[in-house]
Each structure stands twice: as C-alpha cells, then as structure tokens.
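# Close look at the chain arrangement
Single-letter residue listing:
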Amino acid sequence: MRMLSRNATFNSHGQDSSYFLGWQEYEKNPYHEVHNTNGIIQMGLAENQLCFDLLESWLAKNPEAAAFKKNGESIFAELALFQDYHGLPAFKKAMVDFMAEIRGNKVTLDPNHLVLTAGATSANETFIFCLADPGEAVLIPTPYYPGFDRDLKWRTGVEIVPIHCTSSNGFQITETTLEEAYQEAEKRNLRVKGVLVTNPSNPLGTTMTRNELYLLLSFVEDKGIHLISDEIYSGTAFSSPSFISVMEVLKDRNCDKNSEVWQRVHVVYSLSKDLGLPGFRVGAIYSNDDMVVAAATKMSSFGLVSSQTQHLLSAMLSDKKLTKNYIAENHKRLKQRQKNLVSGLQKAGISCLNGNAGLFCWVDMRHLLRSNTFEAEMELWKKIVYEVHLNISPGSSCHCTEPGWFRVCFANLPERTLDLAMQRLKAFVGEYYNVPEVNGRSQSSHLSHSRGQSLTKWVSRLSFDDRCSIHGR
Amino acid sequence: MGFTLSNQQQLLSKMATGNGHGENSPYFDGWKAYDSDPFHVTKNPNGVIQMGLAENEMCFDLIQEWVLNNPEASICTAAGVNEFKDIAIFQDYHGLPEFRNAVANFMGRVRGNRVTFDADRIVMSGGATGAHETIAFCLADPGDAFLVPVPYYPGFDRDLGWRTGVQLIPVACDSSNNFKVTRAALEAAYEKAQKANIRVKGLLITNPSNPLGTVLDRDTLRSLVTFINEKKIHLVCDEIYAATVFSQPSFISIAEIIEEDIECNRNLIHIVYSLSKDMGFPGFRVGIVYSYNDDVVNCARKMSSFGLVSTQTQHLIASMLSDNEFVERFIAQSAKRLKARHMRFTMELAQVGTSCLKSNGGLFVWMDLRRLLKEQTFEAEMVLWHTIIHEVKLNVSPGSSFHCPEPGWFRVCFANMDDKTMEIALSRIRNFVAQYKEPIAPRKNNRYWQSNLRLSFQSRRMDDIMMSPCMMSPHSPIPQSPLVRAT
C-alpha cells in the first residue's frame, strides 16, 4: 500500500517547473552589491519594494497600531483570542474601502461579501473548492501565473484548460479563443465551471480592455458559468488605459442582484503586490453570492489572517490620507521604474509588450532564439541564468503558446541593480548575436554564436533543492 | 452542454453545498444562545456564561508584560521598525529560521527538555485546523480513513474530512475504564474498516485529550506505537494541549516514546501542534506540522503555502519563545494557575455530588451528569443540555457532539474566564444540582423545547442555515464575544 497520498507522491504541486528552478539557481548564487557582484540578479520575483518608506514613516507616526493598543488601552488579549473567521469588522471595512479607492470609487463594496484568506494563494484554491468538483475544469487565458497549476489544481483535483492568447493581438482574449477553449474542454469530457482571469495580467503587465471584459461577461452568461477575476495587481496600474474592474463592468451593464450573472462574478484580492506585504498573508475573496461567501468563510478556517496583522493593517488602511498618497506614489514610482526597464531593454535591442500595470514587463526575445521552439527558449533561458546571471521567467513556464517571451520584474530591486542587469543583457546580446543597435531595435533575427559554446554546457542537472522558497508570482 | 441557471446549487461544488463542514453539529448550537445573551459581570449579569470554549486566558498578564518590555519584537514600534521591510517581504514557506528555532525550543521545554525538536522539521500551517487538514492531504486519498478514539474534538470531522474526502472511524472508549484506549478497541475498529473495504491510513490521537483532559500513560502510548507499526499505518499525535498539564501523571510526548527501546518506523510518526491553547494565541494562527517522515515534511511544506503564518506574527513569536527565562516562567505559572482553577472547580462540584473524570490537563473538565438523565439516551442528554443553557445559563458542550458513546457527559471549560465569573458559574451549578435532584424531564410548556435549538442529529438543509442569520456562523464579532469557533 502506498504510504502517502497521491497528492504527496506525484508532483502535481508544479514545483518542478522551470519557473521555480530558476529560483534555485538564484539561491545558490545571489547577487550582492558588495559581497557578490557577479551573482545572479533576481528578476523573476514579482515583488513591490518601491514604497516601503511610506509605510515605515506611517508606522513611526502611529505607534498605537503596532503596540497592540487601541485608545490607549491594551487590546493584546482581545486580539490574541480573536479567531472569528468573519474577520475583524474594522479591517474588512478598511479593505473594501481600499479596494473601492483603487477602483476610483466607481464601485461600492460590501464588507459582508468579503472573506479573508491567507494570501491570494489560499483565496484562489478556496474559490475552486467552492465552485468546482474534482474532474471539472476552469478556463484560463495563457500566458498565466505558474502558481495557478498548484493553487487551482493540486488538492482540488480540478483541471485547467487554457484559452490560447497570442501576440497577434497583444495576447487579448477573443470570442474565438474563448469558444475554442470551451470546445476543447468538452472534447476532453471536462465540465467547465468557470473562467479565471488575472486583471491586470500576470505576466503580461497589461490591464484588460472594456471590450474583453464585456466579452467575458457575455461568455459566462451564455454558458451559465462563473467568472473569477484575480485583481491582485489592481493597485499597480500606473498608466493609461486605466484599470477597469469586472465589478465596474457589471455596474455598467446594469447587472445587479436581479441578474443571474451578478452572483457568478467573483474577485480575488491581496495586499502582497499593491502594498508589498507578501509576508503578512493577506488575501481576500469577494463574491456577490451568499452561498459562496458562506462556504468560503467556513473554508477560511484553514488559512485565516493573523489577528495581529488584521489589527495593524486595519489602522493603516483606515488612514485615508495614507492610502490616497500611497496609491498615487506607487503609480508614479512603478511607472518610472518600468520606463527604465523598457529603455534598458531597448538599448539591448529588445522590445516588450506595451504594458501599463504590474511589477514586470513581458519581454520579446523571439529574435534571439535559435529556432522558434521551446527547446530554443530553454537554451536561451539557461544562458541568461548561467551566463548573464539574471533570473527571469521563461514564457513556457507561464504556458505561453509562443516561444521566446520572458517575464522580467522591475520593482523588487534597487534602480542601480536594474541598470546593471540591463548592461549585462546588452553585453550578452552584443557578444552572442553581433547585432548592431539601430534606433534601439535589433536588425537581425538570425543568431550566430560567436563563442561556439557547446549547448550541452547549458544542460545542467537541476536537482530540486527544497530550500527554494516559492511563492513569488 | 448546459445546466439550469436557476438552480444555484448546481453551480457550486458538492463541497460548498454539502454539510461536510460539520457546523451543523449540536456542538455549535449552544453558541446561538450565548451569542444572543452573553454574560457580562456588570452589563448582563444574568446572561449565558460561555463554558463551551476551550481558550486559555490564564496568563495574559505575563504576556502583556513581556510585550511591553520587548518593543523590538514588534516590527512596527520604533525599536523594531528597521526590520519592517525585510519581514513584510519574506514569504519563504520555510518560515523565518528564528521562528522555527524558537518553536522547536519551546516544544522541547514544554516537554521538560526530555526531547529536542529539529527546527528543519517544523512546518507552518493555518492553526492546528490547517495542520490536520494538511496531514490528511499528505497521508490519505479520498475514501481512506483514520481511526480516532472517542470522545474526540468535533472539529476533526471538518479538519480531516471535509475537503480531503477522508473519513473518520471511531475507536470505542467508555467510562468503564475511564475512556482509555485499548488494543482490543483498536483492533475492532480496524477490522470493521477492513470488512467494509475501507483503507485505514492512520490513527489520530489527541494527547492530552480533548475533551477528557487526561494524558496517555506510557503503556498505552507504547501499545499504540506497536499497533500502528504492525498495521503499517500512520500515527498522528495532536499535542496541542501539551503545556496545559498541571499535575501528575506527567505528559509523555510521542517524541519521547520513539526514543525508547521500542521498534518503530519513524516515517509513520507525525505531531500536530499549535500555540492556540498553550499560549492562548488562537487569533495568531500558529499551527505546526512536525513529521519524522522527510517526504511528509516536504509535501506539507509545499502545502503550507495555503496557510502560512504571518511573518509579523512569526517575528513576535520568535522573539518571545526564544526568551528562555520568560518561557520557563510562563510554563510554570500557566500550570500553576490551571491547577488552582481546576482544583477549585472540581472540589466545588464534588461538594454538590457532581463528579468529573479525573484529569490533570486541558482547559476543561469532563463532567458526569448521567444521574440527571431521565433515561440513558442522547435525547435525554439534549433535554438536559437545553436546560443547562436556558435555565442555568451556562453554555457547555454535550458529549454527543464529541461522538461520546455514553449519554450524560459534558465538557465544561474553565480557563476562559476570570475568577469572579467562575464563582458565578459555580454557584449556578450548585443551585441547579441542588434543585434537580431528580432526572430532568421535558416540560410540556417549556418554551425552550420549542426553541430553534436542534434536538435531532439530522443535518440541516443548507437553506435552513442560510436563512437563520445566527446560524450563518456560530461566531460573534469582536467586541461582544471575542470568539468564533468553539474549539
């Protein structure tokens, strides 16, 4: 008899994907400004480190929130005992207000429809447990966050059927691709329970257009299925077109609680990206469906948010001056940082998808591939990791259908490190591809290996070292 | 492909619409009465006193003092804010090394340093609730089973079975031998499963026991280890109440047993722990999976992504539990206060002819009210329970909700209130027992009989639960009643 469960025995946790393997290499040889200047620069981690100063200065001015105090009284015991899976009312109110503010106050959200979870990881898994049975499926546009394979499929037994998006239209969702995915599921005898999109998109770094959102709503309405919108990056939409939440579109289309689709549209949120607090494990589920809220609330028992953290963030997010200022500064700094990355890439003759959100760029290195294959993409990726010493994420790990795309993060490292990374990349492209820079764009798509290195050098035995920490999106 | 849009239930999973969450158990029903009429020493002195909640409020003064004296333990104070960024960004599912070290250190000290724990085997989870589910996901497939001695904590049905599809098979224990787990009972339960073609993957024990408040003796523990090794099944030991043992016989951890001269495949041994009971921190969600099986450690660690401990909390705990002087003082004081509280409680009860199972740990007593039952049935137990809630105004937990095979037992918690409240609770019990020398029979016009409290054990339909706002959850928001989950 197998001693452990199937969950434990097979690797459906997805952590053998290249996305995570790159981490391993970084962990072995991390860049340090002083101690390891030749190390690997981490650009595979979608973290937001740009605005901690704002939070730290708020903390300095608001010592009570930190010291387990409220109105001068110690509330330590009260907090330590508080395990109500409905969450601290003040915190939920602050969360929905913050979410509404990010949406330009174009929507009002009800704290009673919010369920707190231990990060978006838990929120997404909980949604799937609530909406689908083992063997059923959700449709997800590619490319998508590699963690979804674990979060949505592993313990739930639910399948993901991809909606194949391509660069021909900037990876947007179309009626055709939606329908094709649905048919594919039918062919595989998988009952589709919903569509899950990430908006703004990871890894594309773009916001969904109003048109796409209308399309999605019509589609789920027509098929009678759910729509989950993971809006974890909603606060990172730093330039136009502005972020449009699915909640806003529901309102636009006069969908209210009397319309059927109202109850089948749900949102996932988290403070890990917008506020840069992934360690605090603050995720949320928002649903208009009372049954989903009730079931998800019970399930949140398996991953509640620490009351200590709820209390701190409740105070922080209730400070409207802070939130207003933070949202604006965050946009400003992200915009600048993205601009630096894009210009650095251009100098290396590399372009990227025109992005307006997120903590990364979707970079086009198709012209650097030996052939239009995923093998060639892996070869290029390994060179970038082992020779250029940059950890970036290959598109294949995001299930992209076209080889040659890479996700490169820009908000998790200091500017000077970003500059260094771009210099390395430029040098690499120059050496390997002998491509002269003309107006910042590469002239040739033909590859010539100037060094004649054997490709087998790049095939390494990437044994899975469990010391890899793996949440970063 | 299409299905009726009007039937909302079809659009959700079976898991979401079923009753596997277990919140229909009568265990949670008593909360309703408490929630609608909660005791307050000045504002509502006639309200229902909450004695269904296994919380430890005995030592907050010590903790508060420590927090005040250690501002750097909080990443938000002037003393600690320089660490804010690094802590807020840290999402490694291995957890902060200092956190794991501190927890391993604490676990060892709670066991009198008779064993040490390896920090690399400490895996985080969303409370013990998350730990149990994770263990079940790691060890068993849907349809597999765990043997669990009765009576057991009602939450296990949800924690181990709801989303995992795992079933629990009771191992019969009764008062004839003080609810001890016998080899015969284990064999019988195992055989029953075999006959029903159910694959048993493990045995789950809680030591110290909830709801009994007793510890397992060395012989019993050894026989359990022998049993699981013979059957080649896992042993999951929930030691969440380890530091609540306040008198002899001492607590013996499974960690100690496997170091003795006994044949044991360590890959079968796993411990669930938490700071919710020993420290009184249920709100901080610090659950631990500790396994001697490397594959389980690896798998559980990956699964911990679904319920990591907030790094803000990890940081605080790391600081607190590596303060050895504080830890030793806390453990000693906690035991002392629990002992005093327990002694006062049991002595007062004994004086009015009410006995409890002899216990030396936990945050509760296992009260024997069998003589007050009109007949030895669970229906009679429910009647008695309703009387206790509505007339005596105490929320206690009926034994049936713990799957106790004998009617008439009640779990009564004593560590979640101050001395004053406890005295009031005791006086109510004294009056009640004095009044009801005869077994309780239902009165014809007893309005409580007609109340919404369920009298049957059938599961409610989902819409019943939805329609009744109080039953949406047995929880109340802070500050009226700080607790939400009866544990």
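Just so we're clear, the structure is a prediction, and the values are computed from it rather than from any experiment.

Basis of the calculations
- Residues numbered from 1 in each chain as written.
- Chains lettered and ligands numbered in written order.
- Predicted model: local features only at pLDDT ≥ 70, side-chain atom pairs only at ≥ 80, totals over all residues.
- Heavy atoms only, no water.
- Pairing = 2+ DSSP bridges.
- Helix = DSSP H or I, 4+ residues; strand = E, 2+ residues; numbered from the N terminus.
- Contact = heavy atoms within 4.5 Å.
- Axes fitted to C-alpha atoms, helices over the stretch in contact; angles between N-to-C directions.
- Parallel < 35°, antiparallel > 145°, perpendicular 65-115°, else oblique.
- Left-handed = near helix turned anticlockwise from the far one by under 90°.
- Nonpolar A, V, L, I, M, F, W, Y, C, P; charged D, E, K, R; others polar.
- Buried area = accessible area lost by both parts, 1.4 Å probe.
- Salt bridge = Lys/Arg side-chain N within 4 Å of Asp/Glu carboxyl O.
- Polar contact = N/O pair within 3.5 Å; in protein donor to acceptor, adjacent residues only side chain to side chain.
- Buried < 20%, exposed > 50% of the residue type's maximum accessible area, 1.4 Å probe, protein only.
- Expected span 1.5 Å × (residues − 1).
- Arc of directions from axis to C-beta.
- Phe/Tyr/Trp six-rings, centres within 6.5 Å; stacked < 30°, edge-to-face > 60°.
- Lys NZ or Arg CZ within 6 Å of the ring centre and 35° of its normal.

Turning our attention to the sheet that holds strand β14 (residues 393-394) of chain A. All names here are of chain A. Reading across from one edge, β11-β12-β15-β14 is the order of the 4 strands in this open sheet, with antiparallel pairing throughout. A strand with exactly one partner marks an edge of an open sheet, and here the two such strands are β11 (351-352) and β14. Examined bridge by bridge, β14 and strand β15 (residues 405-409) share 2 bridges and lie antiparallel to one another. Paired with S393 across the bridge in β15 is R407. With respect to the sheet, helix α14 (residues 320-347) is in contact with β11, β12 (360-364) and β15, its orientation differing from that of β12 by roughly 15°.

Residues and elements named next belong to chain B. Their axes nearest at 10 Å, the elements helix α14 (residues 324-351) and helix α16 (residues 419-435) cross at an angle of 15°. Compared by their axis directions, α14 and α16 come out roughly parallel. The interaxial crossing formed by α14 with α16 has right-handed handedness. Counted together, R341, R344, F345, E348 and L349 of α14 and D419, M422, E423, L426, I429 and R430 of α16 form the full contact between these two elements. Class assignment for the residues of the contact of α14 with α16 results in 5 nonpolar, no polar and 6 charged.

All right, on to the interface of chain B and chain A then. Taken together, the contact pairs 95 residues of chain B with 91 residues of chain A. Taking both sides of the interface into account, the surface hidden between chain B and chain A amounts to around 8,400 Å²; carbon and sulfur atoms contribute 62%. Between chain B and chain A we count 3 salt bridges in total. The tally of links from chain B across to chain A stands at 21 residue pairs in polar contact (both at pLDDT 80 or more). Of the residues assigned to the side of chain B that touches chain A, the class counts are 46 nonpolar, 30 polar and 19 charged.

Below, the discussion takes up the sheet that holds strand β4 (residues 167-171) of chain B. All names here are of chain B. Pairing is mixed across the open sheet formed by 7 strands, whose spatial order is β2-β8-β7-β6-β5-β3-β4. One side of each edge strand has no neighbouring strand; the edge strands of this open sheet are β2 (122-126) and β4. Within this sheet the neighbouring strands show an average axis-to-axis angle of 25°, counted without direction. With respect to the sheet, helix α9 (residues 183-195) is in contact with β3 (145-149), β4 and β5 (200-206), its orientation differing from that of β4 by roughly 140°.

Working definition: two side chains of opposite charge can pair if their charged atoms are close together. Residue and element names in this part refer to chain B. Here the structure, examined in full by the defined rule, presents 53 salt bridges over all chains. Across the salt bridge formed by E256 and R114, the nearest N and O atoms sit 2.9 Å from each other. Of the two residues, E256 is situated in helix α11 (residues 254-257) and R114 in the loop between α6 (97-110) and β2; the sequence distance between them amounts to 142 residues. Under the relative-accessibility criterion, E256 is labelled buried at 8%. Residue R114 is classed as partly exposed on the basis of its relative accessible area, which comes to 45%.

Bringing helix α16 (residues 415-433) of chain A into the picture now. Residues and elements named next belong to chain A. The terminal C-alpha atoms of α16, which comprises 19 residues, lie 27 Å apart, in line with the 27 Å expected from a rise of 1.5 Å per residue. Buried within α16 we find T417, L418, A421, M422, R424, L425, F428, V429, Y432 and Y433. Angular distribution of buried residues about the axis of α16 spans 160°; they occupy a single face of the element. Every exposed residue of α16 that faces more than 90 degrees away from the buried side is listed here: R416 and Q423.

Turning next to the packing of aromatic side chains. Scanning the entire structure with this criterion turns up 29 aromatic pairs over all chains. A centroid spacing of 5.3 Å and a plane angle of 80° characterise the contact between Y145 of chain A and F148 of chain A, whose relative ring orientation is edge-to-face. No difference in accessibility class separates Y145 of chain A from F148 of chain A, as the two residues are buried. Here Y153 of chain B and F156 of chain B contribute two aromatic rings whose centre-to-centre distance is 5.2 Å and whose plane-to-plane angle is 80°, an arrangement assigned as edge-to-face. Cluster of aromatic residues (ring-pair linked, three or more members): F76 of chain A together with F60, F281 and F284 of chain B. The ring of Y273 of chain B has R111 of chain B lying over it, and the distance from NZ or CZ to the ring centre is 5.8 Å. The aromatic ring of Y190 of chain B is capped on one face by K231 of chain B, whose charged end is 5.1 Å from the ring centroid.

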